Amino acid sequence: MKLLTHNLLSSHVRGVGPRGFPLRLQATEVRINPVEFNPTFVARMIPKVEWAALLEAANTLHLAEVPTEPVEGYECDEAFLRKMHHVLLEVEVLEGTLQCPESGRLFPISRGIPNMLLSDEESES
Amino acid sequence: MSAAPGEPGLGPPVGARFFCTAGRGLEPFLMREVQARLAATQVEYISGKVFFSTSSDLNMLKKLKSAERLFLLIKKQLPFTVSSVSKGKIFSEIQRLINDDPGNWLNVISIWKNLLELNTENEKLPQRDTNPLKRKVGENETLVAKKSKTEQTRKIEENMECQVGKQREEETLEQREPVATREELPEAASENDVEKAVETHPQGQLTFRVSCRCSGTIGKAVTAQEVGRVIGIALMRQFGWKADLRDPNLEVFIHLNDIYSVVGIPVLRVPLASRAYIKTAGLRSTIAWAMASLAEIKAGAFVLDPMCGLGTILLEAAKEWPDVFYVGADVSDSQLLGACDNLKAAGLEDRIELLQLSVLELPLPSESVDIIISDIPFGKKFKLAKDIERILQEMESRLFSISQDCMFAGPRGRCLHRCLHSTARQSSAERGPVNSQKADSPRVLHAGGTIVLLLSENHYLCLNDREESSLPVNSKGSHTDEPGPEKCSNPEENIDIPETVSSSQGASNQEYFCKMSPFGSLVPEDCYKVSLGKTEAFMCKYRKAHSSGP
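Just so it is clear, the model here is predicted, and its values are computed rather than measured. (Residues numbered from 1 in each chain as written. Chains lettered and ligands numbered in written order. Predicted model: local features only at pLDDT ≥ 70, side-chain atom pairs only at ≥ 80, totals over all residues. Heavy atoms only, no water.)

Topic: the sheet that holds strand 3 (residues 49-54) of chain B
All names here are of chain B.
Thinking step 1. Across the sheet, which stays open at both edges, the eight strands sit in the order 2-3-1-4-9-8-6-7 with mixed pairing between neighbours. Of all the strands in the sheet, just strand 2 (41-46) and strand 7 (242-243) have a single pairing partner and so form its edges.
Thinking step 2. Looking at chain direction, strand 1 (residues 16-21) and strand 4 (residues 69-77) are connected through four bridges and run antiparallel. Of the residues in strand 4, the one forming a bridge with C20 is L70.
Thinking step 3. Along the sheet, helix 8 (residues 224-239) makes contact with strand 6 (207-214), strand 7 and strand 8 (250-256), crossing strand 6 at roughly 145 degrees. (Pairing = 2+ DSSP bridges. Helix = DSSP H or I, 4+ residues; strand = E, 2+ residues; numbered from the N terminus. Contact = heavy atoms within 4.5 Å. Axes fitted to C-alpha atoms, helices over the stretch in contact; angles between N-to-C directions.)

Shown next as structure tokens:
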């Protein structure tokens, strides 16, 4: 699971609503995976990022050099884009958990795939 | 090295005439594609084939994604009139396909060789040992006949235009098995194409095999087997070629029906629909690509397939539209493992993320997704109308909607405008002047997200017959109560696209589109009925117009 993906996940436990975001990340196995740098793509992802959630996750993983906010003219700032590329796309959480901040429910991540399935009691309807 | 004609440095043939077979319902996609990709001219769709002219080279031709197979056209003419019982008369007419204009045959074959040679002009082709089959003429006839018979049997499957059909009966999401696994990637096969093409016998002899399809009136008068034999003999006599049923240089394809008589040669051994980059096929690749093309994927989009199965749709999309964030999700462990495998085999594991979740409970914030493309399982799992509605509701709320408020619409962090100003809910992104160009631009209406779904006939009818949406639908698709309103066609009728649709584009899809109803804030935009081999499906596109609620 990449941090860009983590940035999009929220808890769907019954009654939690928007308080189910962001999920608290805990990782037991992380891999740094070189990915071809595509500045155009990274630049397009920047507006989609929820920064607080990203910083929290990056912090948990003890990542260094994580920009705290988008800089003006970021589309042309290669240094900035490269850092974002690394944080968003090259850090893979292979094993760990995601925790709903409201209910405490844990969602496991195994083999890089988060399991967000809820039991019947937990789900909304 | 190469015994084939053609000068070095000769450009690709100018305006060669081709045709492609296409799955039923995909013809409008193919017509658009040949025009867009190949700048094709004289594009016509007639009875399951799209004919076109182009001077594109083989690399470009191989990129066609909505076609089944690609052929060079040798002859297309009016159907044979079958007025008398005399087969002899019919056979002599068939022979004229070759004998009237043998020069044309040789010309097309030389175009074919040029196409394949230019594809590998930098490669040194190994000189393979040819093993010409020495047979007496009589034996040849029998062998040609035998093979034609197998062709005829195969023809029945081929008539469905699907070599890898998707299993649609009695299937739940979890139980869906991969339909086809290839040991060898077709890429290897295409090299063989070239070797076979240029490796000719001395005196420029080729080995060949005839593949024949007969239907309609002429199909009742003669068999494919007989036609194949007649063609085979005529070719041997005219050009001195030898028949090779197992591994010929050249395949000759002939299709006779009530609309036309068509003769062509397949450009490649392997159908275009067989993708080198897909290890285990789930949904038919041509349909997967067509769905992705309908979705209007743009660079920077977030595309989700919440029932991705083996990931076919995302693979096709990622290959065509690379600068996009793709996420595939499924309930099933085994499907996800298969998808993971597929991603690795295609080299796309870095570009497509996987999640395990239920489409009925999407763990995504509202308005966070730009595009949703999915093939909804046909089986028992989502049989009830309310299941389909629930799925659509889940998707609808996650989908990005139209907004007039800012440059990059959508409440969630995606509005950079907000990010760099104080209205954002995150305090961290407060300062900094906005890029002045953006700040001064007028407010822009940002189009809503799109959903493209592949629905069974059952699901399609459920969604478009909203008055009865609470009623359960039995497995045959008929309602338990009275028939629905007029706009919903009788589910027990066979909805059949007539074979003889002429070159009018999209005549049939209008019919299905008109029957679609809006769903909440989802506005129908397009609809195509497509064949999956054994069953049929509806490719439906919706766009989100406005947010339907909190």
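Some points on helix 9 (residues 285-294) of chain B
Residues and elements named next belong to chain B.
Thinking step 1. The buried fraction of helix 9 is high, at nine of 10 residues.
Thinking step 2. Looking only at helix 9, the buried set comprises S285, T286, I287, A288, W289, A290, M291, A292 and L294.
Thinking step 3. Next to the buried residues of helix 9 lie helix 1 (27-38), helix 10 (312-320), strand 14 (371-375), strand 15 (450-456), strand 16 (522-531) and strand 17 (536-544).
Thinking step 4. At the C-terminal side of helix 9, E296 shows a positive phi close to 60 degrees. (Buried < 20%, exposed > 50% of the residue type's maximum accessible area, 1.4 Å probe, protein only.)

Topic: the confidence of the model for chain B
Residues and elements named next belong to chain B.
Thinking step 1. In this model, chain B carries a mean pLDDT of 74, and residues with pLDDT of at least 70 account for 64%.
Thinking step 2. Across residues 467-507, confidence stays below pLDDT 50; counting only partners more than four residues off in sequence or on other chains, it has 61 contacts.
Thinking step 3. The ipTM value of the predicted complex is 0.96, and its pTM value is 0.76. (pLDDT = per-residue confidence, 0-100.)

Overview of the nonpolar core
Thinking step 1. The biggest cluster of nonpolar side chains holds 72 residues, and the ones touching the most others in it are L25 and L98 of chain A together with Y460 of chain B.
Thinking step 2. Among the elements that line this core, the one with the most residues is helix 4 (residues 78-90) of chain A, at six residues.
Thinking step 3. Counting 60 residues, the second-largest nonpolar core is a separate cluster that includes A16, V34, I111 and L268 of chain B. (Core = buried A, V, L, I, M, F, W, Y, C linked by side-chain atoms within 4.5 Å.)

Observations concerning the packing of aromatic side chains
Residues and elements named next belong to chain B.
Thinking step 1. One pass over the full model with this rule turns up 14 aromatic pairs over all chains.
Thinking step 2. An angle of 55 degrees between the planes, with centres 6.1 Å apart, marks the rings of F208 and W241 as tilted. Of the two residues, F208 sits in strand 6 while W241 sits in the loop between helix 8 and strand 7, which places them 33 residues apart along the sequence.
Thinking step 3. Taking relative accessible area as the criterion, F208 reaches 0% and is therefore assigned buried.
Thinking step 4. Aromatic ring contacts, followed pair by pair, group F19, F51, F71, F253 and Y260 into a single cluster.
Thinking step 5. Sitting over the face of the ring of F51, K76 holds its NZ or CZ atom 5.0 Å from the ring centroid. (Phe/Tyr/Trp six-rings, centres within 6.5 Å; stacked < 30°, edge-to-face > 60°. Lys NZ or Arg CZ within 6 Å of the ring centre and 35° of its normal.)

Some points on the packing of helix 9 of chain B against helix 10 of chain B
Residue and element names in this part refer to chain B.
Thinking step 1. Where helix 9 meets helix 10, the axes come as close as 8 Å, and the angle between the chain directions of the two elements is 60 degrees. Comparing their axes, helix 10 and helix 9 come out oblique. Helix 10 is crossed by helix 9, and the crossing has right-handed handedness. Note on element contacts: helix 10 touches helix 9 through T312, I313, E316, A317 and E320, opposite S285, A288, W289, M291 and A292.
Thinking step 2. Split into classes, the residues belonging to the contact of helix 9 with helix 10 amount to six nonpolar, two polar and two charged. (Parallel < 35°, antiparallel > 145°, perpendicular 65-115°, else oblique. Left-handed = near helix turned anticlockwise from the far one by under 90°. Nonpolar A, V, L, I, M, F, W, Y, C, P; charged D, E, K, R; others polar.)

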